[in-house]
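Listed below are the residues making up each chain.
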Amino acid sequence: MAEDVLVVHRGLALMLCEDAAILEETLLAIEPLQLHIRRLGDRALLVPADRVDSILENLEREGTFPRVVGAMPAPSNEEEEKADEAPVAEEAL
Amino acid sequence: MSDQRSRVSKGPLDEAELAAYLERGYADASRRFFARAWDVADDPEAVAQVAGQGFDDDIDLEDADPTVRALLGLVAERGGRVRGENLRRDLLLRGFGESRSTIEELLTRGWLVALPNPGEHDCNLNSVFEQKTFLQRELAVLEASFEHLEAMSQQQALSAPAWESATADDNPATVADLELNLLHLCALIRRDPLKLNKDGTPNRRSLARVARGVSMPGSHGEIAGDLDLHNAEQLDYLAFLVSLSRELGLLATQDSTCRTDDDALGRFFRSDDAERDRRLLDAVQRLRFWNEIDSLHLSRSPSHGVDDEHFSQSESTGQPLIGARGFIISVLRRARFSDWVARDALAQLCTQLDRQYLNRTLSQLPRSPDPDEFIHAVLERTLVWAGILQTGAAGDGQALIRLSPRGARAMGLDHEIAEHGDDGCLIVQPNFEVMVFLDNAPASVLHALYRVGLRRKLSDRVATFQLVAESVQRGYALGADAESLIALLNERGHTPVPDSVAFELRDWERAHRRLTIHLGGASLRHPDPERFDLICGQLEHDLRDSNEQLIRLGARDAFVTDADHPAIRRAAESQPSLQLDALGDPARSFYFVDPLVLMVDPYECDVITRVELDRVGDLLEDESSERNLFYELDPDKIAKRFPDDPLGGICDFLAPRCEGGLPAAQSIRLQAELDEAPRFHLESEVTVITFEEIDTAERFRQLGEASDLIARRLGPTTYAVVTDQVPLLEELVDELHMDQSSTPFEQDH
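Given the structure is predicted, the values throughout are model-derived calculations rather than measurements.

S.K.: Let's hear about the nonpolar core: which residues, and what values?
M.R.: All names here are of chain B. Residues Leu-244, Leu-379 and Leu-505 are the most contacted members of the largest nonpolar core, which totals 109 residues. Each of domain 2 (175-410) and domain 3 (426-512) accounts for three or more of the residues forming this core. Not counting residues within four places of it along the chain, the set of residues in contact with Leu-379 comprises Ile-328, Leu-332, Arg-343, Leu-346, Ala-347, Val-384, Leu-389 and Ile-401.

S.K.: Could you give an account of the sheet that holds strand β16 (residues 462-466) of chain B, with specific residues and numbers?
M.R.: Residues and elements named next belong to chain B. Reading across from one edge, β13-β14-β16-β15 is the order of the 4 strands in this open sheet, with antiparallel pairing throughout. Both edges of this open sheet fall to β13 (426-428) and β15 (454-459), since each of them pairs with a single strand only. Across the sheet, the mean angle separating the axes of adjacent strands is 20° when strand polarity is ignored. Of the pairings in the sheet, the one linking β15 to β16 comprises 5 bridges and is antiparallel in character. Note that in β16 the partner of Ser-459 across the bridge is Val-462.

S.K.: With reference to specific residues and values, describe the interface of chain A and chain B.
M.R.: Counting residues at the interface gives 49 residues for chain A and 59 residues for chain B. The junction of chain A with chain B conceals about 5300 Å² of combined surface from both sides, 59% of it contributed by carbon and sulfur atoms. The residue Glu-60 of chain A makes a salt bridge to Arg-474 of chain B at a minimum N-O spacing of 3.5 Å. Our count for the chain A to chain B interface comes out at 25 residue pairs in polar contact (both at pLDDT 80 or more). At the level of elements, β1 (6-17), α1 (20-30), β2 (38-40), β3 (44-48), α2 (52-61), β4 (67-69) and α3 (77-92) of chain A are the ones that each hand at least two residues to the side of chain A that touches chain B. Per-element tally for the side of chain A that touches chain B: the top contributor is β1 of chain A, with 12 residues. When its residues are assigned to classes, the side of chain A that touches chain B shows 30 nonpolar, 7 polar and 12 charged. Direction of pairing for β4 of chain A relative to strand β17 (residues 515-525) of chain B: parallel, over a ladder of 3 bridges. Bridge assignment links Arg-67 of chain A to a residue of β17 of chain B, and that residue is Thr-516 of chain B.

S.K.: Any details on the side chain of Thr-257 of chain B? Residues and values, ideally.
M.R.: Note that Thr-257 of chain B resides in strand β9 (residues 257-260). Owing to a relative accessible area of 12%, Thr-257 of chain B belongs among the buried residues under this scheme.

S.K.: I'd love a proper account of the packing of aromatic side chains, names of residues and values included.
M.R.: Residue and element names in this part refer to chain B. Throughout the structure, instances matching the rule amount to 19 aromatic pairs over all chains. Plain terms: the ring middles of Phe-240 and Trp-290 are 4.8 Å apart, the flat faces sit at 65° to each other, and that makes the pair edge-to-face. Of this pair, Phe-240 sits in helix α12 (residues 232-248) while Trp-290 sits in the loop between α14 (273-285) and α15 (292-300), and the two are 50 residues apart along the sequence. Residue classification places Trp-290 among the buried positions, given a relative accessible area of 0%. Here the aromatic rings of Phe-590 and Phe-653 are separated by 5.7 Å at their centres, their planes lie at 65°, and the arrangement is edge-to-face. Of the two residues, Phe-590 sits in strand β21 (residues 590-594) while Phe-653 sits in helix α28 (residues 646-654), which places them 63 residues apart along the sequence. Take Phe-653: its relative accessible area is 7%, and that puts it in the buried class. Ring pairing ties together the aromatic residues Tyr-21, Tyr-26, Phe-33, Phe-34, Trp-38, Phe-129 and Phe-134, which thus form one cluster. Positioned above the aromatic ring of Trp-111 is the side chain of Arg-109, whose terminal nitrogen or guanidinium carbon lies 4.5 Å from the ring centre.

S.K.: Describe a negative patch on the surface, and please don't skip the residues or the numbers.
M.R.: Residues and elements named next belong to chain B. Taken together, the side chains of Glu-15, Asp-43, Glu-45, Glu-143, Glu-147 and Glu-150 present a region of like negative charge at the surface. Per element, the largest residue contribution to the negative patch is 3 residues, and it comes from helix α9 (residues 143-154). Summarising the element assignment, Glu-150 is placed in helix α9.

S.K.: Give a detailed account of the packing of helix α16 (residues 322-335) of chain B against helix α18 (residues 371-385) of chain B, specifying residues and quantitative values.
M.R.: Residue and element names in this part refer to chain B. Look at α16 against α18: their axes get within 10 Å of each other, and the N-to-C directions meet at 75°. Comparing the axis directions of α16 and α18 gives the class roughly perpendicular. Packed against α16, whose contacting residues are Ala-324, Arg-325, Ile-328 and Leu-332, the element α18 presents Phe-374, Ile-375, Val-378, Leu-379 and Leu-383 at the interface. Considering only residue class, the contact of α16 with α18 consists of 8 nonpolar, no polar and 1 charged.

S.K.: Describe the packing of α1 of chain A against α2 of chain A, and please don't skip the residues or the numbers.
M.R.: Residues and elements named next belong to chain A. Put simply, α1 and α2 touch, their axes get as near as 9 Å, and they point 105° apart. By the angle between their axes, α1 is roughly perpendicular relative to α2. Where α1 approaches α2, its residues Thr-26, Ala-29 and Ile-30 are matched on the opposing element by Ile-55, Asn-58 and Leu-59.

S.K.: I'd like a description of the domain arrangement of chain B, backed by residues and values.
M.R.: Residue and element names in this part refer to chain B. With domains assigned, chain B is organised as domain 1 (2-154), domain 2 (175-410), domain 3 (426-512), domain 4 (522-573), domain 5 (590-674) and domain 6 (687-735). Its C-alpha centre places domain 1 at a distance of 44 Å from the equivalent point of domain 2. The partner domain 2 presents 10 residues to the 6 residues of domain 1 that form the contact. Taken over both partners, the interface formed by domain 1 and domain 2 buries close to 730 Å², and the fraction arising from carbon and sulfur atoms is 61%. Considering only the side of domain 1, the residues that lose the most area to domain 2 are Arg-89, Leu-92 and Leu-93, jointly responsible for 76% of the buried surface there. Connecting domain 1 to domain 2 are 0 salt bridges. Scanning the region where domain 1 abuts domain 2 turns up 2 residue pairs in polar contact (both at pLDDT 80 or more). Considered class by class, the residues forming the side of domain 1 that touches domain 2 number 2 nonpolar, 1 polar and 3 charged.

S.K.: Residues and numbers for the sheet that holds strand β11 (residues 389-393) of chain B, please.
M.R.: All names here are of chain B. Strand order in the open sheet formed by 4 strands is β6-β11-β12-β10, with antiparallel pairing between adjacent strands. Looking along the sheet, the strands with just one partner apiece sit at the ends: β6 (167-168) and β10 (341-342). By the bridge criterion, 2 bridges tie β6 to β11 in an arrangement that is antiparallel. Bridge pairing links Ala-168 to Gly-392 in β11.

S.K.: Explain a nonpolar patch on the surface to me, using residue names and the numbers behind them.
M.R.: Taken together, the side chains of Val-686, Val-688 and Leu-714 of chain B present a nonpolar region at the surface, about 240 Å² in accessible area. Looking at the secondary structure, you find Val-688 of chain B in strand β25 (residues 687-690).

S.K.: So what's going on with helix α6 (residues 84-93) of chain B? Which residues, and what values?
M.R.: All names here are of chain B. Burial analysis of α6 places 8 of its 10 residues in the buried class, which makes it a mostly covered element. Listing the buried residues of α6 in full gives Gly-84, Leu-87, Arg-88, Arg-89, Asp-90, Leu-91, Leu-92 and Leu-93. Downstream of α6 by one or two residues, Gly-95 has phi in the positive range, about 90°.

Rules behind the numbers
Residues numbered from 1 in each chain as written. Chains lettered and ligands numbered in written order. Predicted model: local features only at pLDDT ≥ 70, side-chain atom pairs only at ≥ 80, totals over all residues. Heavy atoms only, no water. Core = buried A, V, L, I, M, F, W, Y, C linked by side-chain atoms within 4.5 Å. Buried < 20%, exposed > 50% of the residue type's maximum accessible area, 1.4 Å probe, protein only. Domains from an automatic or database assignment. Contact = heavy atoms within 4.5 Å. Pairing = 2+ DSSP bridges. Helix = DSSP H or I, 4+ residues; strand = E, 2+ residues; numbered from the N terminus. Axes fitted to C-alpha atoms, helices over the stretch in contact; angles between N-to-C directions. Buried area = accessible area lost by both parts, 1.4 Å probe. Salt bridge = Lys/Arg side-chain N within 4 Å of Asp/Glu carboxyl O. Polar contact = N/O pair within 3.5 Å; in protein donor to acceptor, adjacent residues only side chain to side chain. Nonpolar A, V, L, I, M, F, W, Y, C, P; charged D, E, K, R; others polar. Phe/Tyr/Trp six-rings, centres within 6.5 Å; stacked < 30°, edge-to-face > 60°. Lys NZ or Arg CZ within 6 Å of the ring centre and 35° of its normal. Patch = residues over 30% accessible without salt bridge, like charges linked within 9 Å, V, L, I, M, F, W, Y side chains within 5 Å. Areas by Shrake-Rupley, 256 points an atom, 1.4 Å probe, with all protein chains shown as cover. Lys, Arg positive; Asp, Glu negative; His and termini not counted. Charge placed at Lys NZ, Arg CZ, Asp CG, Glu CD. Parallel < 35°, antiparallel > 145°, perpendicular 65-115°, else oblique.

Given below as C-alpha cells:
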C-alpha cells in the first residue's frame with residue numbers, strides 16, 4: 001500500500017463544466033440524487049457512469065441539456081462471467 | 001428448338017406452339033380431347049391448324065353470362081394467356097365470386113386451352129379435369145379466338161369491370177400521417193415519459209399530455225380540444241400508436257413508464273422511405289399489445305366497451321394473432337391487385353386460399369374469434385389505420401379496398417411513388433417559427449425538426465414548429481449541432497435562415513456545451529505529480545492519432561475518454577498499477593487497525609467507497625496523512641445512512657472492501673453498537689457427557705430418564721447434564737453397562 005501506483009478507475013463519467021459557477025449549478029441540480037461524486041478542482045466531477053441517466057433527468061428538469069459524448073461502458077468481464085455462471089449455480093441447487 | 005421456344009411463349013396459342021405441344025407435351029388422349037371439342041379429325045396437323053384458323057363452335061357471347069364475359073375480358077386484357085389461379089383470383093376480387101366451374105366449362109368447350117407445364121411430356125387433359133388441377137396451369141385462348149376477342153373488346157362486348165367509377169373515401173389515412181403521429185407521440189413522450197397504470201393501461205392524465213397533437217386516421221389536423229380519453233375510439237387509436245411504436249423500437253417500457261429510444265427513432269426516420277414502409281408493415285403484423293378484433297368491436301358499439309386489457313401495454317392480446325395477420329398480408333401480396341377490389345371479395349379470397357389455417361389458428365385462441373370477423377378487422381382496421389390499405393365505394397355503393405402507393409411498396413409490389421426531391425419544404429421565420437409543408441417534407445427533415453423544436457400547430461398539410469432555447473438545447477443533447485441544423489434549414493427552406501435565428505442557434509449551442517459529460521472513459525490518478533506528468537505525456541502521444549483525448553484535471557488526476565484504449569493498458573502494464581471499476585466489485589482497500597477504526601489509502605479507494613466513508617464515519621485528521629487516511633465508524637451516521645437496516649447496510653458496505661471479508665470482531669462490535677449487544681451466559685462446573693457414536697447419543701436421548709438428565713444438547717454426540725442429576729447419571733450408565741473412556745474422544749461424529 002505504501003507503493004506509488006497508477007490507479008485506473010473505469011466505470012466513471014466525467015462531468016466537465018465551463019467554469020466554477022456552472023459546476024455549482026450542476027451540483028445543486030443533482031444534489032437530491034445523493035450521488036457518489038468526486039470533485040476535481042472547480043470544473044470537474046467524477047460520477048459512476050450508471051447514474052448518468054438520472055443525472056440527465058434532473059438536469060433536464062432544471063432546463064440544462066448537457067453535451068454527452070462517448071458510449072456507456074460495457075459491463076465488466078467479472079459481471080458478465082457472473083451472469084453466465086448464474087444459471088449453472090441454480091442448476092446445482 | 002421450336003419446342004423450347006414455345007415453352008416460354010406469351011400471348012395466345014398459335015399453330016406452331018400447339019403443334020410442338022402435340023408432338024411433345026400433350027398425351028394422345030389430349031389430342032383426342034381437342035379433336036372432339038373442336039370437331040376436327042384426330043390428326044396432329046388438323047388439330048394444330050385450329051389454333052390459326054379457328055373452329056365452328058368458337059367463342060360466342062350472345063348467350064354468355066356476365067362471368068364468362070368478364071373471364072374472357074380478363075384473358076384478352078392479359079394478352080390471351082393467364083395462369084388459372086390468377087384468373088380465378090382476379091374474378092373473385094372484381095366481385096364475380098367463385099369461377100372455377102366457369103373456367104372448367106370453357107376448357108371443356110375448347111374456348112380455353114390448359115397448357116402443359118414446363119418439362120411435362122404427357123399432359124393428359126382428361127386427368128387434369130378429373131383431378132381439378134387446371135387452375136395450376138397456364139390457360140390460353142387460340143390465336144384465332146384471340147383476334148375475335150380483341151374485336152369484341154373494341155365493341156365493348158366484353159366486360160372486365162375494374163371499378164372505374166370507384167371513389168376513395170375522403171381523407172384516407174396514409175402512411176405519412178401515421179409517421180407524423182409516431183414522430184409527434186415519441187417527441188412528446190421524450191419530454192414527458194408516458195406513465196402506465198398497474199394493469200399496464202396508459203395513465204390517462206399522462207396520455208392526455210402527449211395525445212393532443214395526434215391526428216385521428218382520416219382527419220387532417222390534430223385532435224387538440226376534441227381529445228376525450230373516455231372516447232373509446234380515440235383511446236383505442238392511441239393504444240394502437242403506442243403499441244406500434246413499441247414494435248418499431250421507438251418506445252420502450254421500463255418500470256411502468258414508456259420512454260422514447262432516441263437512437264432507434266433517429267435510425268428509423270433517417271432510413272429511406274422503402275425501408276421504413278417495409279419495417280412499418282412488419283411491425284403492424286407483429287403488434288403484440290393491441291388487437292384489431294376488440295378494436296373493431298369498439299368502433300361498432302363503443303357503448304359496450306371492451307376489457308381494459310385491450311388498452312394495456314402489458315397484456316399481449318395481439319400476440320396470438322401475429323401468425324394470422326401474417327397470413328392475410330401474404331394473401332394480399334399474392335393477390336397483387338393494383339386497383340380497387342371489392343372488400344368482401346378480398347375477404348373471401350383470404351378464406352378461400354387456406355381456410356383451414358385461419359380456422360386452426362384462431363380456434364386455439366382464448367376467445368376463438370370468427371375467421372371472417374378477423375379478416376375484416378385486419379383489412380378495415382389494422383391496415384387502414386396503418387395507411388397500407390385505402391377504402392372507397394363503387395358507384396353501386398359496394399365497399400372497395402385498394403393498396404395505397406406506400407402500401408404497395410411495403411408489400412414489395414409495383415408502385416408509382418416519386419422520390420422526394422430536394423425542393424424547399426419549409427420557411428424559417430424571424431420569430432423562430434418554422435412552417436413545414438408536409439407534402440414535400442421528407443421524414444428525415446420532420447425528425448430533425450421534432451428533435452429541436454416544439455410543434456405548435458398542425459393545420460391542413462402544414463405543421464408549425466417553434467424553436468426555443470430549451471427545445472433546441474435538448475436537440476443538441478440528442479446529437480444535433482448548430483451548423484448542421486442551419487445547413488438543413490437553408491437547404492430545405494424556401495428562404496434563407498434569418499441571421500437572428502442563426503445567431504441564436506449558435507449561441508444556444510455554446511450554452512449547451514458549458515457542461516459536457518464524457519461516458520465510457522477512465523479516470524487516472526497517481527500520487528507522484530512528476531511521475532504522473534510523464535505518464536500523461538506518453539498517453540497524449542499515444543492518443544494523438546485517435547479521436548480520444550486525455551483531459552488533465554490537476555497534478556495527480558486525468559481522464560482518458562476511452563477506457564478501453566490500448567494506450568491505457570500499456571500505461572498500466574509499464575508500472576505498478578491498480579485497476580478499479582465503479583460498476584464492478586470494489587477494491588479491498590480497508591484495513592481495520594482498532595475496533596471500528598480503519599485505515600485506507602485514498603489513492604486505491606474508488607469514488608463510491610470514498611464518498612460512503614464520509615457518510616458512515618469521521619476522518620481522524622490527527623492520525624491521517626496524505627497516503628493513509630484513518631476513519632472511525634460512527635454508529636449515528638451509520639444509522640442515518642442505512643435507516644432500514646443499519647447493521648446489514650454497514651456490513652454489506654464493509655465486507656467486500658476488506659481482505660477476507662469483515663473481521664468477526666468488527667462485526668460483533670458493530671452489532672453491539674447498532675443492534676442489541678450480543679448476550680451470553682457463563683456457566684462453570686458443568687458436567688458434559690460425550691458419546692463415541694451418534695446412534696448411542698440418539699438412544700440416550702430417548703431414555704425415559706433423559707428429560708430429567710439432559711440440561712442442553714451441545715452437539716450431535718454431546719449433552720450437558722443437569723448438575724444435581726449426576727448421581728442419577730452414574731447409576732444409569734452402570735445399570736446399562738456403558739464403558740467410560742478415560743480420555744476425550746478425538747472428534748465429535
